[in-house]
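# Examination of the molecular architecture
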Amino acid sequence: MRIGELADTVGVTTRTVRHYHHQGLLPEPERMANGYRTYTLRHVVVLARIRRLTELGLGLTEVRDVLADEAGKDLTEVLEELDADLARQEAAIRERRARLRALLGTEGALPPEGPVSEELAELFAGMGDVSGSPMAVRDREMLALLESTVAPEDREGLLAALRDGLGSPEAVARAHRAYALLDELADAGADDPRVAEAARVLADCVPVELLPEEGVVLDSGPESGSGAGSGFMGALYADFAPGQAEAIRQAMEIASRRRRS
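Everything in this summary refers to the structure shown in the same document. (Residues numbered from 1 in each chain as written. Predicted model: local features only at pLDDT ≥ 70, side-chain atom pairs only at ≥ 80, totals over all residues. Heavy atoms only, no water.)

## Looking at the overall build of the protein
A count of helical and extended segments in the protein gives 13 helices and 0 strands. Sequence-ordered secondary structure for the protein, helices as α and strands as β, is α-α-α-α-α-α-α-α-α-α-α-α-α. Going through the 261 residues of the protein one by one, you find that 44% of them count as buried. Within the protein, residue pairs in contact and separated by at least 24 positions form 63% of the contacts whose partners lie at least 6 positions apart. Here the protein displays about 13600 Å² of accessible surface, and carbon together with sulfur accounts for 50% of that area. (Helix = DSSP H or I, 4+ residues; strand = E, 2+ residues; numbered from the N terminus. Buried < 20%, exposed > 50% of the residue type's maximum accessible area, 1.4 Å probe, protein only. Contact = heavy atoms within 4.5 Å. Areas by Shrake-Rupley, 256 points an atom, 1.4 Å probe, with all protein chains shown as cover.)

## Looking at the packing of aromatic side chains
Scanning the entire structure with this criterion turns up 0 aromatic pairs. For the cation-ring pair, R140 lies above F124, with the distance from its terminal atom to the ring centre recorded as 4.3 Å. (Phe/Tyr/Trp six-rings, centres within 6.5 Å; stacked < 30°, edge-to-face > 60°. Lys NZ or Arg CZ within 6 Å of the ring centre and 35° of its normal.)

## Topic: the nonpolar core
Counting 67 residues, the largest nonpolar core has L6, V17, L26 and L47 as its most contacted members. With sequence-adjacent residues up to four places away left out, L6 is seen in contact with M1, V17, L26, Y39, H43, V44 and L47. (Core = buried A, V, L, I, M, F, W, Y, C linked by side-chain atoms within 4.5 Å.)

## Some words on the pattern of salt bridges
Under the definition given, this model contains 12 salt bridges. Close ionic contact of R155 with E147 constitutes a salt bridge, the shortest N to O distance being 3.3 Å. R155 gets classed as partly exposed once you look at its relative accessible area, which sits at 26%. On the basis of relative accessibility, which here comes to 9%, the residue E147 falls in the buried class. R249 is the salt-bridge partner of E246, the closest N and O atoms lying 2.6 Å from each other. Here E246 pairs with R249, and both are found in helix α13 (residues 242-260), just 3 residues apart, close to one helical turn. Taken together, the shared-partner salt bridges in this structure form one network comprising E119, E147 and R155. (Salt bridge = Lys/Arg side-chain N within 4 Å of Asp/Glu carboxyl O.)

## Some remarks on the packing of helix α3 (residues 41-55) against helix α8 (residues 134-149)
Where α3 meets α8, the closest approach of the two axes is 10 Å, and the angle between their N-to-C directions is 55°. Between α3 and α8, the angle falls in the class oblique. Like other packed secondary-structure pairs, α3 and α8 cross with a definite hand, here left-handed. Here α3 contributes L41, R42, V44, V45, A48, R51 and R52 to the contact with α8, which in turn contributes E141, M142, A144, L145, S148 and T149. Class assignment of the residues belonging to the contact of α3 with α8 gives a composition of 7 nonpolar, 2 polar and 4 charged. (Axes fitted to C-alpha atoms, helices over the stretch in contact; angles between N-to-C directions. Parallel < 35°, antiparallel > 145°, perpendicular 65-115°, else oblique. Left-handed = near helix turned anticlockwise from the far one by under 90°. Nonpolar A, V, L, I, M, F, W, Y, C, P; charged D, E, K, R; others polar.)

## Considering the environment of E28
As for its position among the elements, E28 is in the loop between α2 (14-22) and α3. Counting along the chain gives 15 residues from E28 to H43, while the straight-line C-alpha distance between them is 8.6 Å. Side chain to side chain, E28 and R37 meet in a polar contact 3.1 Å long. (Polar contact = N/O pair within 3.5 Å; in protein donor to acceptor, adjacent residues only side chain to side chain.)

## Quick notes on the side chain of H43
Structurally, the position occupied by H43 is in helix α3. Within the local environment of H43, its side chain forms a polar contact with the backbone oxygen of P27, the two atoms lying 3.3 Å apart. In this structure H43 touches L6, L26, P27 and P29, once residues within four positions along its chain are discounted.

## Observations regarding the packing of helix α11 (residues 195-203) against α13
Each pair of packed helices can be summarised by the angle the axes make with each other and by the distance between the axes. Direction vectors running N to C along α11 and α13 enclose 45°, while the axes themselves pass 8 Å from each other. Relative to α13, the element α11 is oriented oblique. Regarding α11 and α13, the two cross each other, and that crossing is right-handed. For the pair α11 and α13, contact is made by V195, A196, A198, A199, R200, L202 and A203 and by G243, E246, A247, I248, Q250, A251, I254, A255 and R258, respectively. Residue classes in the contact of α11 with α13 are distributed as 11 nonpolar, 2 polar and 3 charged.

Written as structure tokens, this is what we have:
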């Protein structure tokens, strides 16, 4: 995707993206032969996390420290220092401090994708340890991205859909099964015979409320002409191995058909 699409997806300006490049917070892709820079899903995830951290009041130096610690262990310390500072400005930033205290009050360690809302942190905790599954880790990153980019009036609907989809032991078991099948496709081609089963299991995990509206292009996967498509969906598929991308594409089609029936 181009820089304008990246900025629009996360809800920032292209000038902000370039500033984060200059500050060394967001890796800057090399220019292609046509002179343009092509951004991937990884850029979207990192940019969204920078936005969430700055909205909490962290300075760019603190954001850099948090991003540098891949395990996320320093995030709690940074937020606690920020909370002490916000206490001196409580009248002007009461709402921001309330959000911060909700994060610090979450039981257990803050998720590596943080900061996220208390509700999403609870859902993550209910999923158990997923650090051994690259697909599960990516999925959590995508959920954190969705929460940070969805319109405020749609946020509760998003969280409700996630609670319905992940709020029971049976649903969690299905999700772990889908992650395992997709992880097995890490080196697989789009025509791998395991793709169909992975797609079927994944489709059973997708809350219908999170599906794209009818008319959104779902065939930007490995079967499209360029092999990756364009825009956000193109970046999404390009972030996965061909077999994984094809399984996701088929799962979206299966779930969409169910929604229309």
